[in-house]
Amino acid sequence: QPDVILADEPSGSLDSHNRQELHNLILKLRKDLGQTFVIVTHDDSLAKLADRQIRLLDGRIEGQITNV
């Protein structure tokens, strides 16, 4: 049970049903076990579920959004 989980494009190659299932699992683990996820993604639907988004452009921080 790690405190922090790093995920690089975790739902990148999944179909829409399994993508949603994975997103739900990530949210459940975060809530039930208090785990922190650091996720790199191009999936806006997953990013919108995050507490905080950091957007990069050409390797530099373009902006930050707090969703809490």
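Conventions adopted
- Residues numbered from 1 in each chain as written.
- Predicted model: local features only at pLDDT ≥ 70, side-chain atom pairs only at ≥ 80, totals over all residues.
- Heavy atoms only, no water.
- Helix = DSSP H or I, 4+ residues; strand = E, 2+ residues; numbered from the N terminus.
- Buried < 20%, exposed > 50% of the residue type's maximum accessible area, 1.4 Å probe, protein only.
- Areas by Shrake-Rupley, 256 points an atom, 1.4 Å probe, with all protein chains shown as cover.
- Pairing = 2+ DSSP bridges.
- Patch = residues over 30% accessible without salt bridge, like charges linked within 9 Å, V, L, I, M, F, W, Y side chains within 5 Å.
- Salt bridge = Lys/Arg side-chain N within 4 Å of Asp/Glu carboxyl O.

K.L.:
Residues and numbers for the overall build of the protein, please.
P.N.:
When helices and strands are tallied, the protein shows 2 helices and 4 strands. In terms of overall dimensions, the protein has a C-alpha envelope of 30 × 25 × 20 Å along the principal axes. Within the protein, the fraction of its 68 residues that count as buried is 15%. Total accessible area computed for the protein in this model is approximately 5400 Å², and 52% of it derives from carbon and sulfur atoms.

K.L.:
Let's hear about the pairing of strand β3 (residues 52-57): which residues, and what values?
P.N.:
Sheet analysis places β3 next to strand β4 (residues 60-66), joined by 6 bridges and oriented antiparallel. Note that in β4 the partner of R55 across the bridge is G63. Between β3 and β4, which pair antiparallel and follow one another directly, the connecting turn spans 2 residues, one of which, D58, has a positive phi of 55°.

K.L.:
Now, about unusual backbone geometry: what can you tell me, with residues and values included?
P.N.:
The phi dihedral of E9 falls on the positive side, at around 50°, and the residue is not glycine. The topology assignment puts E9 in the loop between β1 (4-8) and α1 (16-33). Of note in the backbone geometry, D58 takes a positive phi value of approximately 55° without being a glycine. Mapped onto the elements, D58 comes out in the loop between β3 and β4. Judged by its relative accessible area of 76%, D58 is exposed.

K.L.:
Residue-level account of a nonpolar patch on the surface, with values.
P.N.:
A surface patch of nonpolar side chains, about 290 Å² in accessible area, is lined by V4, L6 and V38. Here V38 lies in strand β2 (residues 36-40). The class of V38 is partly exposed, set by a relative accessible area of 43%.

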